[in-house]
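# A look at the structure
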Amino acid sequence: AGSVNIPLKLIRKYDHVLLGVLDSGKKIVICCDDGSSCWGARDILLERGAKEVLCLKGGMKEWISSGSMVISD
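Source: prediction; values computed, not measured. (Residues numbered from 1 in each chain as written. Predicted model: local features only at pLDDT ≥ 70, side-chain atom pairs only at ≥ 80, totals over all residues. Heavy atoms only, no water.)

## Concerning helix α2 (residues 38–47)
To keep it simple, the criterion reads: For the exposure calls, accessible area comes from a 1.4 Å probe over protein chains only, and a residue counts as buried if that area is under 20% of its type's maximum, exposed if over 50%, partly exposed in between. Secondary structure elements are taken from DSSP: a helix is a run of H or I of four residues or more, a strand is a run of E of two residues or more, and numbering for both begins at the N terminus. Comment: arc refers to directions from the helix axis out to C-beta atoms. Contacts were defined at the residue level, with two residues in contact if any of their heavy atoms lie within 4.5 Å.
Considered for burial, the residues of α2 that qualify are C38, A41, I44 and L45. End-on, the buried residues of α2 take up no more than an arc of 125°, which puts them together on one face. In the core, the buried residues of α2 are packed alongside α1 (15–24), β1 (28–30) and β2 (53–55). At the exit of α2 stands G49, carrying a positive phi of roughly 115°.

## Some remarks on a nonpolar patch on the surface
Heads up, the condition is: For patch detection, residues must exceed 30% relative accessible area and be free of salt bridges, and they are connected within 9 Å for like charges or within 5 Å for nonpolar side chains (Val, Leu, Ile, Met, Phe, Trp, Tyr). Each accessible area is a Shrake-Rupley estimate made with a 1.4 Å probe; only the visible protein chains count as cover when residues are assessed. Whenever Lys or Arg places a side-chain nitrogen within 4 Å of a carboxyl oxygen from Asp or Glu, that contact is recorded as a salt bridge.
Residues W63, I64 and V70 make up a contiguous nonpolar surface patch of about 280 Å² in total accessible area. Relative to the helices and strands, W63 is located in helix α3 (residues 59–65).

## Looking at the nonpolar core
Rules: Note on terminology: a nonpolar core comprises buried Ala, Val, Leu, Ile, Met, Phe, Trp, Tyr and Cys residues joined through side-chain atoms within 4.5 Å.
In terms of nonpolar packing, the biggest core is built from 14 residues, with I11, I28, I30 and L45 touching the most fellow members. Looking at this core, the elements with two or more residues in it are α1, β1, α2 and β2. In terms of residue count, the dominant contributor to this core is α2 (four residues).

Here's what the structure looks like:
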């Protein structure tokens, strides 16, 4: 709940959405389908000033298969 979903190819375009989070000093967790492509987004956010950016190991596939909760609209 409360997460923001921005595809990697659009992450530079949506800086205005990210600015409040980047400036807040809050921990940011990046996730993708299988955990393999979150590193590019992580690097971009660190370049933009984020302090702590983590990648969800195994991505959403592992999250769902472990039985963890998913909230969607």
